[in-house]
Amino acid sequence: MKLIVAIVQDKDSNRLSAGLVKANFRATKLASTGGFLRAGNTTFMIGVDDSQVEAVMNVIRSSCKVREQLVTPVTPMSGTTDSYLPLPVEVQVGGATVFVLPVDRFEHF
């Protein structure tokens, strides 16, 4: 048995949730916050048999897409900020960060 932990951007959360339900997988959704952009994320915890891992990974791949987004960098902490004019920078966001962990024991009550 495996525990799949998938961290996805909030924009992909509903699509992934619907895809998992359609494929008949149960998942627990947790609200989380990302580090780099400090943006809202959703963390999915999905328990499956070893043979189902690739099927879940396919649902995640098809639901969570990478896209470009303009962000304005934060002001530097040191030095003068008189001449610092932050310009928006295009970065890639979205997709998913996925961890697959072994499960020694599972019980459902």
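Check the entry above for the structure.
Below is a short write-up of the structure. (Residues numbered from 1 in each chain as written. Predicted model: local features only at pLDDT ≥ 70, side-chain atom pairs only at ≥ 80, totals over all residues. Heavy atoms only, no water.)

## Here we look at helix α1 (residues 10–22)
Okay, so step 1: The end-to-end C-alpha separation of α1 is 19 Å, in line with the 18 Å expected for 13 residues at 1.5 Å each.
Okay, so step 2: What α1 keeps buried is the set Asp 12, Ser 13, Leu 16, Gly 19 and Leu 20. Angular distribution of buried residues about the axis of α1 spans 140°; they occupy a single face of the element. Summarising the geometry of α1, the exposed residues directed more than 90 degrees from the buried face are Lys 11, Asn 14, Val 21 and Lys 22.
Okay, so step 3: Count one or two residues on from α1 and you reach Asn 24, which has phi positive near 70°. (Helix = DSSP H or I, 4+ residues; strand = E, 2+ residues; numbered from the N terminus. Expected span 1.5 Å × (residues − 1). Buried < 20%, exposed > 50% of the residue type's maximum accessible area, 1.4 Å probe, protein only. Arc of directions from axis to C-beta.)

## Description of the environment of Asp 50
Okay, so step 1: Of note, Asp 50 is situated in the loop between β3 (40–48) and α2 (53–63).
Okay, so step 2: Residues Asp 50 and Met 1 lie 49 residues apart in sequence; the distance between their C-alpha atoms is 5.2 Å.
Okay, so step 3: Dropping the residues within four chain positions of it, Asp 50 is found in contact with Met 1 and Lys 2.
Okay, so step 4: There is a polar contact of 3.1 Å between the side chain of Asp 50 and the backbone nitrogen of Met 1. (Contact = heavy atoms within 4.5 Å. Polar contact = N/O pair within 3.5 Å; in protein donor to acceptor, adjacent residues only side chain to side chain.)

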